[in-house]
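One letter stands for each residue in the lines below.
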Amino acid sequence: MDDARGLGLQSGMVTASDKAFDLLELITTAPTPLGLGEVVRMSGLKHATVRRSLLGLARQGLVHQNDKRAYVPGLRLLDLTALALDHLDLAREAEKVLRELCNTVPGTVTLAVYSEKHLAVALSLVSSEPYRVAGRGLAFAGLHATAAGKAVLAHLSRPDADWVLGPNPLPRYTPHTITKREILSAQLATIARRGFALNDQESLLGVRCLAAPVWNHLGRPTATVSVAVAVSQVSLAELGRAAGDVCRAAHVITDRIGGSPAVALPASDILAPSMEA
């Protein structure tokens, strides 16, 4: 039997289809095109097995070789992805989870979808009084000034985060908005470590928010789950105690859409830290 340790496959339980799909994932997620020898080395499979699987994937249009004979994703993979996305309604998959969350945390619960520098609200459930919050929408504030935006930025590479933020000075929306990039960078590192982000009146006075990322199948942030509260009704410490429920909801939605969390669900002792970030 082939040595499949490189892909984490269980001996005795691996089919040819398992190996082919793992090779497809390896090629799709590689930062640069992979030659046959690199695929063999990185997969831990035998040369003949890799070659046979790649020939099958190529016949299906799922991979092809570029002019340097390195393997890259095929155009049919894009077609299948588009079809899958057409059938995936993120808001529908998340609605039940958000309704349950709305019953356990104070505030307005929102699902926002991230794409190309922007967050768009896909679903928002407004809580009953006295926690009803109506404030500035995500479209009107930079990602650096919202909990949802920071939950995304914290899990982007530094070049990608810099590209999203752009070269211009960070806009200030309130006296609490973080506009110094070195301070923001340190805060993002904290957010990445603990798994959720906070916004304490940084985009709108009188409103604070907590958010956690939802992950796609590549382990990248594709959406956020957040809860917004009125400063006059909920303290920062009280909001922090909702972090566990918000993070768990984000992980449940991640699982429902076939995502792969890039970070584990935060431990209970991390879910109520000092709320400085």
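Sequence order as written defines the numbering, with residues in each chain counted from 1. Thresholds applied to this predicted model are a pLDDT of at least 70 for local features of residues and 80 or more for the giving and counting of side-chain atom pairs; totals over whole chains, interfaces and linings are not thresholded and use all residues. Note: side-chain values were computed over all heavy atoms of the structure, leaving out hydrogens and water.

Here's the deal with the side chain of Ser53
Going along the chain from the N terminus, every DSSP run of H or I of four or more residues is numbered as a helix, and every run of E of two or more is numbered as a strand. On the secondary structure map, Ser53 appears in helix α3 (residues 47–59). Accessibility here uses a 1.4 Å probe with only protein chains present; expressed as a share of the type maximum, an area under 20% marks a residue as buried, one over 50% as exposed, and anything in between as partly exposed. With relative accessibility at 12%, the residue Ser53 sits in the buried group. A contact between two residues is defined here by any heavy atoms of the two lying within 4.5 Å. In this view, Ser53 contacts Ala20 and Leu23; residues no more than four positions away in its chain are not counted.

Some words on helix α2 (residues 36–43)
For α2, the full list of buried residues reads Val39, Val40 and Ser43. One side of α2 carries all its buried residues, which in axial view fall inside an arc of 100°. Opposite the packed face of α2, turned more than 90 degrees from it, sit the exposed residues Gly37 and Arg41. Considering only its buried residues, α2 is in contact with α1 (16–29) and α3. With its phi angle positive at about 80°, Gly44 sits one or two positions after the end of α2. Think of it as the arc spanned by the lines of direction from the helix axis to the C-beta atoms.

Focus on the environment of His217
Mapping His217 onto the fold places it in the loop between β6 (207–215) and β7 (221–230). Using a relative accessible area of 52% as the deciding quantity, one classes His217 as exposed. In this structure, the C-alpha to C-alpha distance between His217 and Pro261, residues 44 residues apart in sequence, is 8.2 Å.

Description of the nonpolar core
Each nonpolar core is a collection of buried residues, namely Ala, Val, Leu, Ile, Met, Phe, Trp, Tyr and Cys, held together in the definition by side-chain atoms within 4.5 Å. Among the nonpolar cores identified, the biggest contains 32 residues, and Leu98, Leu111, Leu210, Val225, Val227 and Ile253 are the most heavily contacted of them. When contributions to this core are tallied by element, the ones reaching two or more residues are α5 (90–102), β3 (108–115), β4 (118–125), β6, β7, α9 (236–240) and α10 (243–256). The leading source of residues in this core is α5, at seven residues. Excluding anything up to four places from it in sequence, Leu98 contacts Val109, Thr110, Leu111, Leu123, Leu125, Val225 and Ile253. Judged by nonpolar contacts, the second largest core, of 24 residues, contains Ala112, Leu119, Leu188 and Ala197.

Topic: the packing of aromatic side chains
Note on aromatic pairs: the rings of Phe, Tyr and Trp (six-membered ring only in Trp) are paired at centre separations within 6.5 Å, and the planes decide the class, stacked below 30 degrees, edge-to-face beyond 60, tilted for the rest. By the definition in use, this model includes zero aromatic pairs. One Lys or Arg, Lys117, reaches over the ring of Trp163 and ends 4.5 Å from the middle of that ring. Any Lys NZ or Arg CZ found within 6 Å of a ring centre and within 35 degrees of that ring's normal is scored as a charge over the ring. For the cation-ring pair, Arg194 lies above Phe196, with the distance from its terminal atom to the ring centre recorded as 4.5 Å.

Concerning the packing of α2 against α3
What counts as an axis is a line fitted to C-alpha atoms, over the stretch in contact for a helix, and the angles between N-to-C directions run from 0 to 180 degrees. Interaxial distance between α2 and α3 falls to 10 Å at its minimum, and their mutual angle equals 115°. Crossing of α2 against α3: the hand is right-handed. Every residue of α3 that contacts α2 at Leu36, Val39, Val40 and Ser43 is listed here: His47, Val50, Arg51 and Leu54. Under the scheme applied here, ten amino acids are nonpolar (Ala, Val, Leu, Ile, Met, Phe, Trp, Tyr, Cys and Pro), four are charged (Asp, Glu, Lys and Arg), and all others, including Gly, are polar. Looking at side-chain class alone, the contact of α2 with α3 contains five nonpolar, two polar and one charged residues. Helix crossings get a hand from a simple test, with the near helix turned counterclockwise from the far one by less than a right angle marking a left-handed crossing and a clockwise turn marking a right-handed one.

Here we look at α3
Helix length check: α3, at 13 residues, gives a terminal C-alpha distance of 18 Å against a target of 18 Å (1.5 Å per residue), a fit within 8%. In this fold, the buried residues of α3 make contact with α1, α2, β1 (63–65) and β2 (71–73). Residue Gly61 follows α3 closely and has a positive phi angle near 80°. Expected span of a helix, by definition, is 1.5 Å for each gap between consecutive residues, and there is one gap fewer than residues.

Description of the sheet that holds β4
Strands pair, by our definition, only if DSSP identifies at least two bridges between them. Pairing within the open sheet is antiparallel, and its five strands lie in the order β4-β3-β7-β6-β5. This sheet does not close on itself; its edge strands, each paired only once, are β4 and β5 (197–200). Between one strand and the next, the sheet's axes are offset by a mean angle of 25°, whatever the strand orientation. As paired strands, β3 and β4 are joined by seven bridges and run antiparallel to one another.

Remarks on unusual backbone geometry
Phi is mostly negative for residues that are not glycine, and the peptide bonds are mostly trans. Its identity as a non-glycine residue notwithstanding, Arg69 has a phi of 65°, on the positive side. Examined against the element boundaries, Arg69 turns out to sit in the loop between β1 and β2.

Structural notes on the side chain of Thr222
On the secondary structure map, Thr222 appears in strand β7. Of the residues examined, Thr222 reaches a relative accessible area of 18% and is grouped as buried. Excluding its chain neighbours within four sequence positions, the residues that come into contact with Thr222 are Val113, Tyr114, Val214, Trp215, Asn216 and Ile257.

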